[in-house]
Amino acid sequence: MNQPDPLEHNLCFASFLSLIFAAMLTACEPTVEPSLQPQGQQKTAKTEMLEAGAAILQPNSPLKSLNIYLDGFHASKEQPTHQMEAHHFCHQVNEDFAQCALFDGNTRQANLIGIEYIISGTLFESLPEVEKQYWHPHNYEILSGYLTAPGIPEMAEKELMKGKMNSYGKTWHVWNSAPFGKTGDKIPLGEPSLEWSFNHDGEALPGLIEQRDLQLKTITSEQRHKRAELNALAKPQAGVDAIKGKFPWPATPLPGVTDKNAEPKSSIEQETSDVYISIR
């Protein structure tokens, strides 16, 4: 009979305590209100009464499983300078697959703007080649500190991010409600937009990251420093260079984030990259 692993037991117990502590912190979490209210008339007393009755009598079980809160950024794959912050509320279905509802805020008034599915690198490699073009890589989002899990203890967030290394996301926005620096649509219009991840320093619009940090009381530069040790887990990913060169300003690589399909660097490019890494 196998004896339980003491280390594994201690880690599980520590994770459990972290979750309890995170629940205690929920009440004082920074809130981000949506930037606009949908077009339409105010709810009538009758509608509110029906809502109250439904809340008592009808189940909302699928929503209760969306218990992981992540905050990050997306750029349109077709128009990468069209960018926005996205609040992810996710359900980890199994070790290789998660599904998220995306909102433009984290309050009850937030607008549902899209969906994201997250898969492990193992599942990604099993996809047909034609399907892979829809899935963006996550290593830069994690190592840069752009992706964050607000409100949970540092140890729990570290384990969460570690588990998402080398993963991929398939993201569709169906409502352009909160584009950074622009006015959003009052209702969902047009076709869904396939979204992509940032994969190089300098791709995010100036002020985008700073606005998030101010609202959620996070410091992205500190997160980047703390996650440097995850660099050793990073594998080359597909899609890192998918929107490279589509920005009107220069972008630079982050050590550990490489495109698995990239052509070998010339000697001059390698020397430039080595100088950049040594400076950092």
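Look above for the structure.
As the structure is a computational prediction, the values presented were derived from the model and not from experiment.

A. Broad picture of the overall build of the chain. Tallying secondary structure elements over the chain gives 10 helices and 7 strands in all. Taking all 280 residues of the chain together, the buried fraction comes to 40%. Carbon and sulfur atoms provide 59% of the accessible area of the chain, an area that totals close to 16,600 Å².

B. Examining the state of the cysteines more closely. Inspection of the entire model under this criterion finds 1 disulfide. Each sulfur of the disulfide joining Cys90 and Cys100 lies 2.1 Å from the other. Torsion about the S-S bond of the Cys90 and Cys100 cystine: about 105°, corresponding to right-handed handedness. Remark: Cys100 occurs in strand S3 (residues 97–103) and Cys90 occurs in strand S2 (residues 83–94); sequence separation between them is 10 residues. On the basis of relative accessibility, which here comes to 3%, the residue Cys90 falls in the buried class. The buried category is assigned to Cys100, whose relative accessible area is 5%.

C. Representation of the nonpolar core. Counting residues in each nonpolar core, the largest one holds 32 residues, and the members touching the most others are Leu70, Leu143, Tyr146, Met161, Phe198 and Leu208. Of all elements in the fold, only strand S1 (68–76), S2, S3, strand S4 (112–119), helix H6 (139–143), helix H7 (154–164) and helix H8 (208–216) reach the threshold of two or more residues within this core. If near-sequence neighbours (up to four positions away) are discounted, Tyr146 is found in contact with Asp71, Gly72, Phe73, Tyr140, Glu141, Phe198, Ala204, Ile209, Arg212, Thr220 and Arg224. Among the nonpolar cores identified, the runner-up in size contains 5 residues, and Ile119, Phe124, Trp135 and Ala238 belong to it.

D. Examining unusual backbone geometry more closely. We note that Asn166 has phi near 70°; this positive angle belongs to a residue other than glycine. Structurally, the position occupied by Asn166 is in the loop between H7 and strand S6 (168–173). Positive phi, normally seen in glycine, also occurs at Lys217, with a value near 55°. On the basis of relative accessibility, which here comes to 68%, the residue Lys217 falls in the exposed class.

E. The environment of Thr218, seen in detail. Checked against the element boundaries, Thr218 lands in the loop between H8 and helix H9 (220–226). For the pair Thr218 and Pro150, spaced 68 residues apart in the sequence, the C-alpha separation amounts to 8.0 Å. Leave out the neighbours within four places in its chain, and Thr218 touches Thr148, Arg212 and Asp213. Engagement of the side chain of Thr218 in a polar contact is seen with the side chain of Arg212, the distance being 3.5 Å.

F. Up close: the pattern of salt bridges. Under the definition given, this model contains 10 salt bridges. For Glu125, the salt bridge goes to Lys260, with nearest N and O atoms at 2.8 Å. Taken together, the residues Glu125 in helix H4 (residues 121–125) and Lys260 in the loop between H9 and helix H10 (267–279) connect sequence positions 135 residues apart. Given a relative accessible area of 39%, Glu125 falls into the partly exposed group. Residue Glu229 is joined to Lys158 by a salt bridge in which the shortest nitrogen-to-oxygen separation is 2.6 Å. Remark: Lys158 occurs in helix H7 and Glu229 occurs in the loop between H9 and H10; sequence separation between them is 71 residues. One salt-bridge network, held together by shared partners, links Glu125, Glu129, Lys132 and Lys260.

G. View of H7. What H7 keeps buried is the set Glu157, Leu160, Met161 and Lys164. Buried residues along H7 cover an arc of 95° about the axis, so they all sit on one side. On its buried face, H7 is in contact with S1, S2, S4, H6 and H9. The first or second residue beyond H7 is Asn166, which carries a positive phi of 70°.

H. Examining the pairing of S4 more closely. As judged from the 7 bridges shared by S3 and S4, these two strands associate in the antiparallel manner. Looking at the pairing, Ala101 lines up with Ile115 of S4. Pairing of S4 with S6 involves 6 bridges; the strand directions are antiparallel. Across the sheet, Ile119 pairs through a bridge with Tyr168, a residue of S6.

I. Representation of the packing of aromatic side chains. Overall, the coordinates contain 9 aromatic pairs when judged by the stated rule. With a centroid separation of 6.3 Å and 40° between ring planes, the pair formed by Tyr134 and Trp172 is classed as tilted. One end of the pair, Tyr134, is in the loop between helix H5 (129–132) and strand S5 (136–137); the other, Trp172, is in strand S6, and 38 residues separate them in sequence. Classification of Tyr134 as partly exposed rests on a relative accessible area of 30%. Ring centres of Phe247 and Trp249 lie 5.9 Å apart, and the angle between their planes is 45°; on these two criteria the pair is classed as tilted. Judged by relative accessible area, which is 10%, Phe247 ranks as buried. Residue Trp249 is classed as partly exposed on the basis of its relative accessible area, which comes to 26%. Members of the aromatic cluster, each reached through a chain of ring pairs, are Phe73, Tyr140, Tyr146 and Phe198. Above the plane of the ring of Trp196 lies Lys77, whose end atom (NZ or CZ) is 4.1 Å from the centre. The ring of Tyr134 has Lys170 lying over it, and the distance from NZ or CZ to the ring centre is 5.2 Å.

What counts as what
Residues numbered from 1 in each chain as written. Predicted model: local features only at pLDDT ≥ 70, side-chain atom pairs only at ≥ 80, totals over all residues. Heavy atoms only, no water. Helix = DSSP H or I, 4+ residues; strand = E, 2+ residues; numbered from the N terminus. Buried < 20%, exposed > 50% of the residue type's maximum accessible area, 1.4 Å probe, protein only. Areas by Shrake-Rupley, 256 points an atom, 1.4 Å probe, with all protein chains shown as cover. Disulfide = S-S within 2.5 Å. Core = buried A, V, L, I, M, F, W, Y, C linked by side-chain atoms within 4.5 Å. Contact = heavy atoms within 4.5 Å. Polar contact = N/O pair within 3.5 Å; in protein donor to acceptor, adjacent residues only side chain to side chain. Salt bridge = Lys/Arg side-chain N within 4 Å of Asp/Glu carboxyl O. Arc of directions from axis to C-beta. Pairing = 2+ DSSP bridges. Phe/Tyr/Trp six-rings, centres within 6.5 Å; stacked < 30°, edge-to-face > 60°. Lys NZ or Arg CZ within 6 Å of the ring centre and 35° of its normal.

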